[in-house]
Amino acid sequence: MNRFMTRSAMGALALGAATLAGSLSAQAQGQLTVYCSVQEEWCRPMVEAFEKDTGIKVSMTRKSSGETYAQIKAEASNPKGDIWWGGTGDPHMQAAEEGLTEEYKSPNMANLQDWAVKQWNQTKGRTIGIYSGALGFAYNTKLIASKGIPEPKCWADLLNPKLKDEVQVADPNSSGTSYTMLATLVQIMGEDKAFDYMKKLHKNINQYTKSGAAPAKATSLGETTVGIAFLHDHVTMIVEGAPMKAVAPCEGTGYEIGSMSIIKGAKNLENAKKWYDWALTPKAQALAAPARSYQVPSNKDTPIPPQAPKMADIKLIDFDFAKYGSSAERKRLLAKWDAEVKNQPK
Amino acid sequence: MKSKTAPDATLWWLGLAAGAFCLLPWYWIDLPQGLLLAGWPLGASGSALALGLAGGKPWLLLMLAPLLLGFAALNSRLPRETRGLVLVWAGVIGLAVILAQGFLIGHRGWNFAWAASLFGGAPQQNGFGFAGFLTLFCFLLLLCQGLAMRGFCRGDGFIVSAIGIIVATIILFVFFPVGRVLSQSVWGPDGWMLDTFISKITDRSIWGLDCLTSSLNCGVAWNTVFLGVFVGVVCTLLGLAFALIATRTRFPFKRALTLFSVLPIITPPFVIGLALILIFGRSGVVSNLLYEWFAIPRSRWIYGFTGISIAQILAFTPISFMMLIGVVQGIAPSLEEASQTLRASRWTTFRTITFPLLRPGLANAFLVGFIESLADFGNPLVLGGNYEVLSTKIFFAVVGSAVDESRAAILALVLLGFTLIAFWAQQAWIGKKVYTTVAGKGDAGLPSPLPRPIVWLCGLVTVPWVIFSIGLYALILVGGFVNSLGRDYTPTLKHLTTAFKMNFDGGPIFTGSAWDSLFATLEVSLLSAPLTAAIGLMTAYLLSRQTFAGKRSFEFGTMLSFAIPGTVIGVSYILAFNVPPFELTGTGLILIICFMFRNMPVGVRAGLATLSQIDKSLDEASLTLGAGSATTIRRVMLPLLRPAILASLVYSFVRAMTSVSAVIFLVSAKYNMATTYIVGRVEAGEFGIAIAYSAMLIVFMLIVILLIQLAVGERRLGRRAIATPMPTS
């Protein structure tokens, strides 16, 4: 017993000493705290490459964009993070609306795609697009063949009664992905028709998942026949060898803008700006594809990964981020969805 | 000895407070750079005295008053009672001044508009640092010593201080943050919101009863309660079956059963849920076989109530087993023998003697199952389907796409209400009846054999369940080492190497992506475990051996943190401890504190149980022989309490290693925890790495627990040797 106590105490001490030593050695070039909201697999090479290029020591925390937004909001009176990189644009714009993030004009903005600059203008310089991905659905090729259902190509095809309990999508209350779908449908069909559509679709939904990317995984495993998510999430599964096919709906579809914002009151503002500038360069953006993230990068000079869904083949709508990103409109639509769609019997 | 310690110790604490005030850095400094003490005694690491005199923070000088008051009292020739009173006042004023200035003045000046208009100026300060906390602590002890001099707790300064410290820390680390988050339900940025509060708390999505009359879902509150009751009942019955088999039959693998029962406790959350999907999901192993062999169509039955309840029963049955095995063992066989002597059949004996005596144990087991189910976050997240429960609802009210803090606070209030009702029911029901059968004297009787139908029933229930669990764990282990469970069963080590890659270049370099979180988790868990055990056992000692005013509410306060769901704790900690005066976010300390106060109730319970077995005459003997209570605890109680110490050490270690919902908001870049890393992998759909990491964690914790079990075995022999000579010495 005593030996055990001594040993664990020594172990704890050694660990403590090791962390102390580790942090002491890393004070040379200043530091930077990054809140990263894409996949861990992509966060890490970004951090490593940035550290190598600048000598700045980066502390990185990976959390989903919703969690990061909640954290930045809770920390608002005393920010702990410097820059928030990645994650769907929605919470970034919410943070911008609430003044949680800082305005910044990067010298590297010249070569960016229009949608990235547009988002920057809409938020008065508080957030900028770093990648984008279109919304779509994917179906499990094995399941759809065994059921003898024609391959769905449009939003309307998902209402096929044969797909009863075979479509999966996230709950827009918990997932930005699914809220993007809600807003997209409203913009394509008009509000009344969109809600009619979703009420009919409700009969085919087997589960409203919590996480936005979960339907893609479920489709790959055959847990559902059709999953609605961002196309690049589907592509990740397809590249892994899942028997599925991603579809950009024929009526057109919306998209997300993965964003980046500097946190207001950042303790390492200068280094945060360095990351901001660096993250807009083709070199930094090219790190996505090896990390199995197949979004479309925002810098025109970044090579688009061959696996990425071709934006040219996708009928993108002119997504009104200003209107549908605002808190008031979101609250209204979600409340309406809760009342008219989710609480309906099947 | 007792009468002398108080003033001596008081002088000591007062001196320490004065020293810290004059010399040590008052504000929080980040450790590595802070050690250089740049600019001392002024600057960021300056002392309160220097900053107050020359650093533009004159309000810090207010603390001189209580310090001087304390010194004056100690040096005066006033009667002891009066000196005590002055010390109490010095302590109270000291605490009040420190806290008031801390809460009034923050990073950006005055925290309240009225204070700004009253005092003017633009003061600015950071959170408490080394000296801040030390001075606060010293004033608290001053207050306690003063109370002791006034005759509190028979003038025992040590006991009063211990009570004071525990009460103060519970107020600071449980009541303050939780109160802060709950206040959001009625208080928003625009002031009071009573009308929205009422409409939100009576909302149909919480209390709706549509499921009774139609195919709609019921309100989330009913879902949660229904699930909790169901899981509680089934866990209790299964646990009872296991306990009867383990104690009353000649079942050959009892040790294995005990060890096996530990397994779910050390399983990282939602691993069981994941494994269930991979077995019974639409494309799961079993579903595939059923489809291929019997053409049974694959369905999605596992998602929703069925799945959550299976996962929770798997996870919580062992807990109820461990609680009930003690109760079954504790039933005095002589009562059963008496019954049989009176010619009752085995069945009548079981029905009229054994089972009634089991009732308090059953009630306890049910309540623990109920509460664990209410607080569970991982399984509903993975398996919930369209069945919603409060814990996940709260989480997504905080981080979802429609952020609504007041809704989160209201849901938390509902959840807290349910748990408190459960606690109250437990107290009310068990408190009134007497079930004592364990007498101090040994019981020579032999437990009567169980009626045959019961043996068969237990066997029929438990054997398939054990086989099922073993299959589940086998799959978890396999899952980490194949390409993609459910799709591609080619064996691979790639998940393990991604997570735990090591290069050797002069020494080991940990390049795998999971190492950081593993080290941080180990560091935090190993540091928090002894602290948790210490504060838990100290509380248990106070509760069982001391009498003082307000003991009932004290006990309630210490148990409260167990009832608060993890998500609520996490959010409340970040709200309460991100700003001065207590600015702890981003440090490892906040994680350690969070674990301490979340897991402390278990230490308390373990300590109370063990203490109730130890005869009071032992510590009375020590006190009669002139030892103070501190000495008695150290020399008499602690050696006897070793089983409780080990139990709470193991438990708090394991809970710290596997906790998710509380820490998800508290982790920082430097302190990322293993479980949040795993959640991230699950979110990304990378079940392989998640499972490989979980398997590693399970193996690791199993080794630690086995080591501790060995230590327990050695210790039991020693206990007899220590216990016997004590009364005679």
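Rules and cut-offs
- Residues numbered from 1 in each chain as written.
- Chains lettered and ligands numbered in written order.
- Predicted model: local features only at pLDDT ≥ 70, side-chain atom pairs only at ≥ 80, totals over all residues.
- Heavy atoms only, no water.
- Helix = DSSP H or I, 4+ residues; strand = E, 2+ residues; numbered from the N terminus.
- Buried < 20%, exposed > 50% of the residue type's maximum accessible area, 1.4 Å probe, protein only.
- Contact = heavy atoms within 4.5 Å.
- Areas by Shrake-Rupley, 256 points an atom, 1.4 Å probe, with all protein chains shown as cover.
- Disulfide = S-S within 2.5 Å.
- Salt bridge = Lys/Arg side-chain N within 4 Å of Asp/Glu carboxyl O.
- Pairing = 2+ DSSP bridges.
- Patch = residues over 30% accessible without salt bridge, like charges linked within 9 Å, V, L, I, M, F, W, Y side chains within 5 Å.
- Axes fitted to C-alpha atoms, helices over the stretch in contact; angles between N-to-C directions.
- Parallel < 35°, antiparallel > 145°, perpendicular 65-115°, else oblique.
- Nonpolar A, V, L, I, M, F, W, Y, C, P; charged D, E, K, R; others polar.
- pLDDT = per-residue confidence, 0-100.
- Phe/Tyr/Trp six-rings, centres within 6.5 Å; stacked < 30°, edge-to-face > 60°.
- Core = buried A, V, L, I, M, F, W, Y, C linked by side-chain atoms within 4.5 Å.

Enquirer: Explain the overall build of chain A here, please?
Expert: Counting its regular elements, chain A contains 14 helices and 11 strands. Across the 346 residues that make up chain A, the buried fraction comes to 58%. Summarising the internal contacts of chain A: among those between residues at least 6 apart in sequence, 77% fall at separations of at least 24. For chain A, the accessible area works out to roughly 13,000 Å², and carbon and sulfur atoms hold 56% of it.

Enquirer: Would you mind showing me how to read the state of the cysteines here?
Expert: One way to say it: the disulfide is the covalent bond shared by the sulfur atoms of two cysteines. All names here are of chain A. If you walk through the whole model with that rule in mind, you get two disulfides over all chains. Between the sulfur atoms of Cys 36 and its disulfide mate Cys 43 the distance is 2.0 Å. Handedness of the Cys 36-Cys 43 disulfide follows from its S-S torsion of about -90°: it is left-handed. By relative accessible area, which is 2% here, Cys 36 ends up buried. A relative accessible area of 1% means that Cys 43 is categorised as buried. Disulfide partner of Cys 154: Cys 250, at an S-S distance of 1.9 Å. With the S-S bond torsion at 120°, the cross-link from Cys 154 to Cys 250 turns out right-handed.

Enquirer: Would you mind going over the pattern of salt bridges with me for this structure?
Expert: This structure, assessed with the given rule, holds 19 salt bridges over all chains. Across the pair Arg 292 of chain A and Glu 240 of chain A runs a salt bridge whose closest N-O atoms are separated by 2.7 Å. Of this pair, Arg 292 of chain A sits in the loop between α12 (282-285) and β11 (296-297) while Glu 240 of chain A sits in the loop between α10 (231-239) and β9 (244-247), and the two are 52 residues apart along the sequence. Take Arg 292 of chain A: its relative accessible area is 22%, and that puts it in the partly exposed class. Note that Glu 372 of chain B and Arg 655 of chain B form a salt bridge whose closest N and O atoms lie 3.5 Å from each other.

Enquirer: So what exactly am I meant to see when it comes to the pairing of strand β10 (residues 255-263) of chain A here?
Expert: On a regular strand, each side chain points to the face opposite its neighbour's, so the side chains alternate between the two faces of the sheet. Residues and elements named next belong to chain A. With nine of nine residues buried, β10 is to be regarded as a mostly interior element. The alternating pattern of β10 places Tyr 255, Ile 257, Ser 259, Ser 261 and Ile 263 and Glu 256, Gly 258, Met 260 and Ile 262 on opposite faces, both of which are buried. Sheet analysis places strand β3 (residues 83-85) next to β10, joined by three bridges and oriented antiparallel. Paired with Trp 84 across the strands is Ser 261, a residue of β10. Bridge analysis of strand β5 (residues 127-140) against β10 gives seven bridges, and the strand direction is antiparallel. Opposite Ala 134, over in β10, you have Tyr 255 as the bridge partner.

Enquirer: Explain a nonpolar patch on the surface to me, please; I cannot follow it from the model alone.
Expert: All names here are of chain B. Side chains of Val 286, Leu 289, Leu 290, Trp 293, Phe 294 and Ile 296 sit close together on the surface and give an oily, nonpolar patch of about 560 Å² of accessible area. Topologically, Phe 294 is positioned in helix α15 (residues 285-294). According to the relative accessible area criterion, Phe 294 is exposed, its value standing at 54%.

Enquirer: It is not clear to me how helix α14 (residues 271-280) of chain B should be interpreted in this structure. Could you clarify?
Expert: Each α-helix winds once per 3.6 residues, and so residues spaced three or four apart point in a common direction. Counting buried positions along α14 of chain B yields 10 of 10 residues, so the element is predominantly enclosed. Taken together, the buried positions of α14 of chain B are Val 271, Ile 272, Gly 273, Leu 274, Ala 275, Leu 276, Ile 277, Leu 278, Ile 279 and Phe 280 of chain B.

Enquirer: I tried to follow the environment of Thr 209 of chain A on my own but got confused; where do I start?
Expert: Residue and element names in this part refer to chain A. Mapping Thr 209 onto the fold places it in strand β7 (residues 205-209). Sequence-wise, Thr 209 and Ala 170 are 39 residues apart; in three dimensions their C-alpha atoms are separated by 4.2 Å. Setting aside residues no more than four positions away along its own chain, Thr 209 makes contact with Gln 168, Val 169, Ala 170, Asp 171, Ser 174, Ala 214 and Pro 215.

Enquirer: In this structure, what is going on with the packing of helix α3 (residues 65-74) of chain A against helix α20 (residues 390-399) of chain B? I would like to understand it.
Expert: Two numbers describe a pair of packed helices, the interaxial angle and the distance between the axes. One can describe the packing of α3 of chain A onto α20 of chain B by two numbers: an axis separation of 8 Å at closest approach and a directional angle of 70°. Here α3 of chain A is positioned roughly perpendicular relative to α20 of chain B, judged by the angle of their axes. Of the residues in α20 of chain B, those touching α3 of chain A at Gly 66, Glu 67 and Ala 70 of chain A are Phe 395, Val 398 and Val 399 of chain B. Taken together, the residues of the contact of α3 of chain A with α20 of chain B sort by class into four nonpolar, one polar and one charged.

Enquirer: Please explain the confidence of the model for chain B as it appears in this structure.
Expert: In low-pLDDT segments, the atomic positions of the prediction should not be examined closely. Residue and element names in this part refer to chain B. Summarising the model, chain B shows a mean pLDDT of 79, and 89% of its residues fall at 70 or more. By mean pLDDT, the top-scoring element of chain B is helix α7 (residues 130-149) (91), and the lowest-scoring one is helix α33 (residues 725-728) (36). In the model, residues 1-5 has pLDDT below 50 throughout and makes five contacts with residues more than four positions away in sequence or in other chains.

Enquirer: Would you explain the packing of aromatic side chains in this entry?
Expert: Both the distance between ring centres and the angle between the ring planes are used here to describe each pair of aromatic rings. Residues and elements named next belong to chain B. Per the counting criterion, the structure on display carries 44 aromatic pairs over all chains. For the pair Phe 133 and Phe 582, a centre-to-centre distance of 5.8 Å together with 35° between the ring planes defines the contact as tilted. Residue Phe 133 is located in helix α7, and its partner Phe 582 is located in the loop between α26 (566-576) and α27 (588-613); the two are separated by 449 residues in the primary sequence. Residue Phe 133 is classed as partly exposed on the basis of its relative accessible area of 26%.

Enquirer: I keep staring at α10 of chain A and nothing clicks. Help me out?
Expert: Residue and element names in this part refer to chain A. With seven of nine residues buried, α10 lies mostly within the body of the structure. Taken together, the buried positions of α10 are occupied by Leu 231, His 232, Asp 233, His 234, Val 235, Thr 236 and Met 237. On its buried face, α10 sits against β5, α9 (214-221), β8 (226-230), β9 and β10. Immediately downstream of α10, the backbone of Gly 241 shows phi near 105°, a positive value.

Enquirer: Sorry, what's going on with the pairing of β7 of chain A here?
Expert: Residues and elements named next belong to chain A. Within β7, five of the five residues are buried, which leaves the element mostly enclosed by the surrounding structure. Two elements, strand β6 (residues 167-170) and β7, share four bridges in a ladder whose sense is parallel. By the bridge assignment, Ala 170 is partnered in β7 with Thr 209.

Enquirer: Which parts of the structure should I look at to understand the nonpolar core?
Expert: Across soluble globular proteins, you tend to see nonpolar side chains buried next to one another. Residues Leu 276, Leu 542, Tyr 573 and Phe 597 of chain B are the most contacted members of the largest nonpolar core, which totals 223 residues. Apart from the residues lying within four places of it in its own chain, the contact partners of Leu 276 of chain B are Gly 281, Ile 302, Gly 307, Ile 310, Ala 311, Leu 314, Leu 383, Phe 468 and Leu 472 of chain B. Among the nonpolar cores identified, the runner-up in size contains 75 residues, and Ala 183, Tyr 255, Trp 278 and Ala 291 of chain A belong to it.

Enquirer: Honestly, unusual backbone geometry in this entry has me stumped. Any pointers?
Expert: The phi torsion of most residues other than glycine is negative, and most of the peptide bonds are trans. Residue and element names in this part refer to chain B. A positive phi is found at Cys 153, a non-glycine position, where the angle reads about 50°. Residue classification places Cys 153 among the buried residues on the basis of a relative accessible area of 15%. Unlike most non-glycine residues, Arg 343 shows phi in positive territory, near 70°. For Arg 343, the location among the structural elements is in the loop between α17 (333-341) and α18 (346-375). For Arg 343, a relative accessible area of 78% puts it in the exposed group.

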